[in-house]
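Remarks on the overall topology
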Amino acid sequence: MNRRRNKRVSYSQNWNAPSGGQRGKQRCQSGSKPQKKGVEQEEQDFGKGGKEVVPRGTCPTMCPHKELLNRESQNRLHRFEVVPGTEKSAKPRGDPLRAVKEYSRPAAGKDVTKPSDLRPPDVLLKTVFYLIDELAGSPSLQPWTEVYSFVFDRLRSVKQDMIIQRLSGKDCVAILELTVRFHIYASYRLCGEPLQIYDPRINDTHLQEYLSWLLDCYKTGSGPYPNQEEFQTLGLLYNLGSSLATQHILELPERLRQAPSIKLALAINEAFQAGNPVRLLRLAQKLDFLQACALHRHLLTCRRRLLLIYCHGYNSRNCRFPLDRLAQLLCLETSFTAKLCQLYGIEVNPQNQVLFSKSAFNEPEQERLDCKVYHSIVSEKQRGLTVKSIIHGCV
């Protein structure tokens, strides 16, 4: 499939969904506007020069030998890539079995189409399995923010090789499915981390592009794609409330639209659009762990809406609403429910009764709304699942 001519719709540019809040805004220097490079723009960059011949990679390893030697001589190897025992040396030695090609921006005069520097589809898939199984899924590698940063960069280099070779078909789909799961899980696990460690807006931008590419593969490929139901569901839950996301689902074949997980996602989306947070949170309890990860970024908005509705509906001086009942509706522990109420200016008396008042409701500062504190509806679903099993779709 010629990906240069069939331009994809990028979710990150066209779907009306939250993307990380104020804390994730990109910084600009010298007053210039940030320029986002999507998959299509990268394809154009790599395609400059008018060459019609699609290069085919011949590199048999995860990192080209020349790059490994260059980065070793320049002392630019990550600690995950060096020969064990040489980490504290002046120049640690690179391990050919652990080193992975790093992402580099296309530069003028640089030939990025050399077959010896490009990994063929089977090596790309092997690389992604290594990144997920040995790094992202490793319980011993800490901190996970560093693991994420390394895997994020190396997955970008995988995408780069895929684009240059115009990879399509089942190998492309297999790589994209693993990558989308990784980014969805990361959006939940790293939520609330300092911006200098994890930027949710950047993660969102890349996730939307991978997801858009994957759904385009489903649409234009010959299949069959046994995981399509899963990713159509994840796409809608992640982009909850988006008219384009809803339209995309409604245009799917009847057999897909009637799949249980897609019907559940549509019901949650309908509740979100109708402003019915009670129904949404009740339905959300039926989701599996990764689906809940995709939904989680909408939970604070949903709970805020519920509290605002109740502040108007139960706005009475003599009205007392049981805190434990409110906790059930919000799918939170009682202590976290009380804390959330106080953040929004809602009084909770010593008898654990909520005094709703529309005049008292106020918006807290964004920094005080620590989303991670209110993750119980998601974290309870993880149970004994490992990161490796989550990203491989074994939930």
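Coordinates for the structure precede this section.
Residues numbered from 1 in each chain as written. Predicted model: local features only at pLDDT ≥ 70, side-chain atom pairs only at ≥ 80, totals over all residues. Heavy atoms only, no water.

A few words on the overall build of the chain. Broken down by element type, the chain carries 18 helices and three strands. Looking at the chain as a whole, 53% of its 395 residues are labelled buried. Intrachain contacts of the chain at a sequence separation of at least 6 include 74% that bridge at least 24 residues. If you sum the accessible surface of the chain, you get close to 19,100 Å²; carbon and sulfur atoms cover 49% of it. (Helix = DSSP H or I, 4+ residues; strand = E, 2+ residues; numbered from the N terminus. Buried < 20%, exposed > 50% of the residue type's maximum accessible area, 1.4 Å probe, protein only. Contact = heavy atoms within 4.5 Å. Areas by Shrake-Rupley, 256 points an atom, 1.4 Å probe, with all protein chains shown as cover.)

With that settled, the discussion passes to the packing of aromatic side chains. In total, this model carries 18 aromatic pairs according to the counting rule given. Note on Tyr 310 and Phe 321: the rings are 5.5 Å apart at their centroids and 80° apart in plane angle, and the pair reads as edge-to-face. Taken together, the positions of Tyr 310 in helix 14 (residues 299–313) and Phe 321 in strand 1 (residues 321–322) put the pair eleven residues apart, joining distant regions of the chain. Like Phe 321, Tyr 310 is buried. Counting every residue linked through ring pairs, the aromatic cluster contains Trp 144, Tyr 148, Phe 152, Phe 182, Tyr 185, Tyr 188, Tyr 198 and Phe 289. Against the face of Tyr 103 rests Arg 156, its NZ or CZ located 3.9 Å from the ring centre. Above the plane of the ring of Phe 272 lies Arg 305, whose end atom (NZ or CZ) is 5.1 Å from the centre. (Phe/Tyr/Trp six-rings, centres within 6.5 Å; stacked < 30°, edge-to-face > 60°. Lys NZ or Arg CZ within 6 Å of the ring centre and 35° of its normal.)

Once that is clear, we can look at the sheet that holds strand 2 (residues 347–348). Reading across from one edge, 1-3-2 is the order of the three strands in this open sheet, with antiparallel pairing throughout. Lying at the two open borders of the sheet, with one neighbouring strand each, are strand 1 and strand 2. Looking at chain direction, strand 1 and strand 3 (residues 353–355) are connected through two bridges and run antiparallel. Counterpart to Pro 322 in the pairing with strand 3 is Gln 353. (Pairing = 2+ DSSP bridges.)

All right, on to the pattern of salt bridges then. Counting across every chain of the model gives 13 salt bridges. The partner of Glu 81 in a salt bridge is Arg 71, and the shortest N-O contact between them spans 2.9 Å. Placement of Glu 81 in the loop between helix 3 (65–73) and helix 4 (121–136) and of Arg 71 in helix 3 is noted, with a sequence separation of ten residues between them. Summarising the burial analysis for this pair, Glu 81 and Arg 71 share the class buried. (Salt bridge = Lys/Arg side-chain N within 4 Å of Asp/Glu carboxyl O.)

The topology assignment puts His 375 in the loop between strand 3 and helix 17 (376–382). Setting aside residues up to four positions removed in sequence, His 375 forms contacts with Tyr 188, Cys 191 and His 296.

Turning to the environment of Val 100, a few remarks are in order. One can find Val 100 in the loop between helix 3 and helix 4. In this structure Val 100 comes out as buried when scored by relative accessible area, which is 0%. Taking the C-alpha atoms as reference points, Val 100 and Leu 131, 31 residues apart in sequence, are found 8.8 Å from one another.

A few words now on the packing of helix 12 (residues 277–284) against helix 14. The geometry of helix 12 relative to helix 14 is characterised by a closest axis approach of 9 Å and an angle of 140° between their N-to-C directions. Classified by the angle their axes make, helix 12 and helix 14 are oblique. Once helix 12 is placed against helix 14, the crossing between them reads as left-handed. Contacts between helix 12 and helix 14 involve Pro 277, Val 278, Leu 280 and Leu 281 from the former and Leu 299, Cys 302, Arg 303, Arg 305, Leu 306, Ile 309 and Tyr 310 from the latter. Tallied by class, the residues present in the contact of helix 12 with helix 14 amount to nine nonpolar, no polar and two charged. (Axes fitted to C-alpha atoms, helices over the stretch in contact; angles between N-to-C directions. Parallel < 35°, antiparallel > 145°, perpendicular 65-115°, else oblique. Left-handed = near helix turned anticlockwise from the far one by under 90°. Nonpolar A, V, L, I, M, F, W, Y, C, P; charged D, E, K, R; others polar.)

Moving on: helix 12. Every buried residue of helix 12 is listed here: Pro 277, Leu 280, Leu 281, Leu 283 and Ala 284. Projection of helix 12 onto a plane perpendicular to its axis shows the buried side chains occupying an angular sector of 165°, all on one side. Here the buried face of helix 12 lies against helix 11 (260–273), helix 13 (289–295), helix 14, helix 15 (323–330) and helix 17. (Arc of directions from axis to C-beta.)

Right, let's get into the nonpolar core. Counting 109 residues, the largest nonpolar core has Trp 144 and Leu 307 as the members making the most contacts within it. In this structure Trp 144 touches Ala 136, Phe 182, Tyr 185, Ala 186, Arg 189, Leu 190 and Val 387, once residues within four positions along its chain are discounted. (Core = buried A, V, L, I, M, F, W, Y, C linked by side-chain atoms within 4.5 Å.)

For the rest of this paragraph, the subject is the side chain of Arg 71. The buried category is assigned to Arg 71, whose relative accessible area is 0%. Sequence-distant contacts of Arg 71, that is, excluding residues within four places in its chain, are made with Cys 63, Arg 76, Leu 77, His 78, Glu 81, Val 100, Glu 102 and Arg 154.

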